[in-house]
Amino acid sequence: MTFLDKLKNQILIGDGAMGTLLYSFGVDTCSEELNLSQSEQIQNIHRAYIDAGADVIQTHTYAANYLKLQRYGLEDSVKEINSAAVRNAKKAAQSNAYVLGTIGGNRGIKTSSITIEEIKRSFREQLYCLLMEGVDGLLFETFYDLEELETVLTIARKETKLPIITQVSLSEPGFLHDRTPVNDALKRLEGLGADVVGLNCRLGPHHMLLALEQVEIPKHAFLSAYPNASLPTYTDGKFHYEGDADYFQKSAQSFRNEGVRLLGGCCGTTPDHIRGFAAELKNSTPVTEKVVKLKKEKIVVESPPKREYAPLQEIVKERPSVIVELDPPRKLDTTKFFEGAKALKEAGIDSITLADNSLATVRISNESLGYLLKSELGMRPLIHIACRDRNIIGLQSHLMGLHTLGMNDVLAITGDPARVGDFPGASSVYDVSSFELIQMIKQMNEGLSFSGKDLGQKTAFSVAGAFNPNVRSVEKAVKRLEKKIEYGADYFISQPVFSEEKLIEVYENTKHLNAPIYIGLMPLTGSKNAEFLHNEVPGIKIADSIRERMSRLSDNPLEAAREGVAITKSLIDTALDLFNGIYLITPFLRYELTAELAAYANQRASEIRRASYAKNTIF
Ligand SMILES: Cc1cc2nc3c(=O)[nH]c(=O)nc-3n(C[C@H](O)[C@H](O)[C@H](O)COP(=O)(O)OP(=O)(O)OC[C@H]3O[C@@H](n4cnc5c(N)ncnc54)[C@H](O)[C@@H]3O)c2cc1C
Ligand code: MET
Ligand SMILES: [Zn+2]
């Protein structure tokens, strides 16, 4: 009799966690490898679960695919580990328990760069290893991503008639990460031929039961649940799960009432937890009817908050537009910074851009300065956001704060790594890169958080991406822009360009893009500044003639700065023939230089407008 035949009439008990149990014993490397080096210990744990009452156990192969094993340099050991794992489970089970071959999901909660092709390859390899050794069924568990689970289920269903259990994991009771209601997800899996469908991991009994309240009893499949013991705590450098076995035992009947027929445990559970489940439910009859609390996906998303300004990408598509970067100070005195901002406002700029600790050098937070510029000077701040200093929690919270303060213009950047700046030993977080950050901000514009939760409101961010044309291959840099557009970038802001040839090269390479570019220009302040940029900053090349012009004035800093302004004015003339957007970078808080250049650019822009108006009226 297969375990599916048994499930027709009775509840079966699954086993509990293996990974967290081994971790609690001090294993902090690849625990799947222990199938080879510590097979006795693995078999003993399987036996402990069977002694506790498990009818069905699973191989310790959750992470035994090459995608996960490669973290430990074990990607060539997929076959050995999976084969040993099946042998260990079978040896422990004898004829006292069924053995499921487990395969875990790869895509987690944050946007994953693992392609479906990679997932298929990795899955097939592991699947064949498990099937070759002979298992009683397959368990695909901890899948946050429905696309991934549907893909692997489809492959497996074609390969084998063995029973297949598919389990999704939820970070919010009721919905998958992509907002699919859990009931719909399980129905889809049933439709693709899963014999048992259910939930495991992440949620403890309380929240998993809340999710199960929304799940109908499947017509052609059985329902399973493997809750975690509790939420984990982190003490003394280790994770602990505190949920106790009595509490688990008390929840068992509620799982039965929701129609669950296969009940086991996930992270944090131990043989004691399984003993509790078995004491309540082993051999009991399943319920066949229940009242479902079907919650329809109801994201009450209000219309986007009214923007105070049109998005910059719309403005710069229509007319020339000047934005200026003014660096937040490194020291606490902000007098000069605000003087500069006022001067730039008078010069008529569209937005003031504020870097996020650029070059990983600590400065006053751009969010606070931005808010003061907005509220006290009526300026429009554009906030740079680097992925270096904040993890995904901090990034989302920061963006929610910007939304609350009415600051909708952001530049999403990966950011210069910490090692280049003030604290070379500081960690660079990089939970996500600029691509994913852009995508997640756009998700907030749909009213959804990074993890897919309802935000109750749509944000109205307009998202710029960074463009570095000062690289050997501008074509390669443009490929990155194309990718950033795919991820949702609305427009681009570039590093400074120092020659007309470069301006033309950038124009020729980007004119096919349908996202506008603010082209970067920065006045040289003197000969040393020009030599530094030319010789020490990767990719920046300043024409010999310009460096000579600056060098002739090396004894006269004032005249040198005037010369820098004159050079930039002539670059502005060329740039305005090619681009609508001008992005001026203020060197060393020398705002008088960028204010003059901004006024010049605006004046040139209105001359161009007048000329084009005259031309249009004449013809
Ligand atoms: C307008 C602007 C504003 C900026 N503001 C800040 C700031 O506020 N704070 C800050 O820390 N940094 C800032 N930077 C610097 C920026 O983080 C780096 O220049 C970065 O290397 C490129 O931009 P990104 O962060 O979007 O990187 P991405 O385009 O996301 O690139 C990520 C990684 O790929 C590498 N890479 C980028 N382009 C190429 C290429 N063509 N070929 C191969 N590899 C490549 C990068 O070195 C980086 O490691 C800014 C840059 C620009 C253009
Ligand atoms: C990370 S959720 C899957 C856990 C796996 N079944 C184990 O306990 O090892
Ligand atoms: Zn788990």
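Scoring rules and cut-offs
Residues numbered from 1 in each chain as written. Chains lettered and ligands numbered in written order. Predicted model: local features only at pLDDT ≥ 70, side-chain atom pairs only at ≥ 80, totals over all residues. Heavy atoms only, no water. Domains from an automatic or database assignment. Contact = heavy atoms within 4.5 Å. Salt bridge = Lys/Arg side-chain N within 4 Å of Asp/Glu carboxyl O. Donors = N, O, S within 2.8 Å, 3.2 Å for Na, K, Ca; no water. Tetrahedral: all angles 85-135°; square planar, octahedral: opposite > 155°, others 65-115°. Axes fitted to C-alpha atoms, helices over the stretch in contact; angles between N-to-C directions. Helix = DSSP H or I, 4+ residues; strand = E, 2+ residues; numbered from the N terminus. Parallel < 35°, antiparallel > 145°, perpendicular 65-115°, else oblique. Left-handed = near helix turned anticlockwise from the far one by under 90°. Nonpolar A, V, L, I, M, F, W, Y, C, P; charged D, E, K, R; others polar. Near = heavy atom within 4 Å. Polar contact = N/O pair within 3.5 Å; in protein donor to acceptor, adjacent residues only side chain to side chain. Areas by Shrake-Rupley, 256 points an atom, 1.4 Å probe, with all protein chains shown as cover. Phe/Tyr/Trp six-rings, centres within 6.5 Å; stacked < 30°, edge-to-face > 60°. Buried < 20%, exposed > 50% of the residue type's maximum accessible area, 1.4 Å probe, protein only. UniProt positions renumbered as here; feature names shortened; annotations may be inferred. Pairing = 2+ DSSP bridges. Expected span 1.5 Å × (residues − 1). Arc of directions from axis to C-beta.

A. Layout of the domain arrangement of the chain. Under the domain assignment used here, the chain contains domain 1 (3-281) and domain 2 (312-526 + 570-618). Distance between the C-alpha centres of domain 1 and domain 2: 46 Å. Of the residues lining the interface, seven residues belong to domain 1; the matching set on domain 2 comes to twelve residues. Our count for the domain 1 to domain 2 interface comes out at zero salt bridges.

B. Highlighting the coordination of the zinc ion (ligand 3). For the zinc ion (ligand 3), every protein donor is listed as Cys 201 (SG), Cys 266 (SG) and Cys 267 (SG), and the spread of their distances is 2.2 to 2.4 Å. For the zinc ion (ligand 3), the four donor atoms in the first shell make angles of 93 to 131° at the metal, so the coordination geometry reads as tetrahedral. Along the chain, the residues donating to the zinc ion (ligand 3) are arranged with the sequence spacing C-x64-C-C.

C. Layout of the packing of helix α4 (residues 39-52) against helix α6 (residues 78-93). Two numbers describe how α4 lies on α6: the axes approach to 8 Å, and their chain directions differ by 45°. It follows that α4 is oblique to α6 by the angle criterion. Read as a crossing pair, α4 and α6 show a hand that is right-handed. Together, Ser 39, Ile 42, Gln 43, His 46, Arg 47 and Ile 50 of α4 and Asn 88, Ala 89, Lys 91, Ala 92 and Ala 93 of α6 make up the contact between the two elements. Per-class residue counts for the contact of α4 with α6 are five nonpolar, four polar and two charged.

D. Expanded view of the site of ligand 1. Neighbouring ligand 1 are 21 residues; Asp 356, Thr 414, Ser 434, Arg 480 and Lys 484 lie closest to it. One of the side-chain N or O atoms of Thr 414 is found 2.5 Å from an oxygen atom in ligand 1. Coverage of ligand 1 by the protein chains reaches 75% of its 910 Å² of free accessible surface. When contributions to the shell around ligand 1 are tallied by element, the ones reaching two or more residues are β14 (409-413), β15 (462-467), α18 (474-487) and β16 (491-496). Residue classes in the shell around ligand 1 are distributed as eight nonpolar, eight polar and five charged.

E. Focus on the site of ligand 2. Close contacts around ligand 2 come from Ala 17, Met 18, Gly 19, Gln 58, His 60, Tyr 62, Glu 141, Thr 142, Cys 201, Cys 266 and Cys 267, and that covers them all. Contact distances for ligand 2 include 2.9 Å between an oxygen atom and a backbone N or O atom of Met 18. Here Glu 141 contributes a side-chain N or O atom positioned 2.6 Å from a nitrogen atom of ligand 2. Relative to its unbound accessible surface of 300 Å², ligand 2 loses 88% to contact with the protein.

F. The arrangement of the side chain of Lys 290 in detail. With respect to the secondary-structure elements, Lys 290 resides in the loop between α12 (271-281) and α13 (312-318). Apart from residues lying up to four places away in sequence, Lys 290 is in contact with Leu 212, Glu 213, Val 215, Ile 217, Asn 257 and Glu 258.

G. Up close: the packing of aromatic side chains. For the coordinates displayed, the defined rule picks out eight aromatic pairs. On the numbers, 5.2 Å between centres and 85° between planes, the contact of Phe 337 with Phe 338 is edge-to-face. Of the two residues examined, Phe 337 and Phe 338, each falls in the buried class. Relative to Tyr 487, the ring of Phe 435 lies with its centre 5.6 Å away and its plane at 50°, an arrangement referred to as tilted.

H. View of the UniProt feature "binding site: Zn(2+)" (unreviewed entry) in the chain. The UniProt entry lists Cys 201, Cys 266 and Cys 267 under the feature "binding site: Zn(2+)" (unreviewed entry), expressed in the numbering used here. In terms of the greatest pairwise C-alpha distance, the residues named above, spread along 67 residues, form a tight cluster of at most 6.2 Å across. Assignment of secondary structure puts Cys 201 in the loop between β6 (196-200) and α10 (205-212). Exposure remark for Cys 201: the relative accessible area of 10% places this residue in the buried category. Not counting chain neighbours up to four residues away, the residues in contact with Cys 201 comprise Thr 142, Ser 169, Met 208, Tyr 226, Asn 228, Cys 266 and Cys 267.

I. Fine view of the sheet that holds strand β18 (residues 581-585). Sheet architecture is closed into a barrel: eight strands sit in the order β11-β12-β13-β14-β15-β16-β17-β18, paired in parallel fashion. For this sheet the average axis-to-axis angle between neighbouring strands, irrespective of direction, equals 25°. Across three bridges, the pairing between strand β12 (residues 351-354) and strand β13 (residues 381-386) is parallel. Considered in β13, the bridge of Ile 352 is made with Pro 381. Across the face of the sheet, helix α15 (residues 366-377) comes into contact with β12 and β13 while running at roughly 170° to β13.

J. Geometry of helix α16 (residues 392-404). For α16, built from 13 residues, the straight-helix expectation of 18 Å at 1.5 Å per residue is met to within 8% by its first-to-last C-alpha distance of 18 Å. For α16, the complete set of buried residues consists of Leu 395, Gln 396, His 398, Leu 399, Leu 402 and His 403. One side of α16 carries all its buried residues, which in axial view fall inside an arc of 160°. Facing away from the buried side of α16 by more than 90 degrees, the exposed set consists of Ile 393 and Thr 404. In this structure Asn 391 caps α16, since a side-chain oxygen of it lies 3.0 Å from the backbone nitrogen of Ile 393. Of the residues flanking the end of α16, it is Gly 406, one or two places downstream, whose phi is positive at about 75°.

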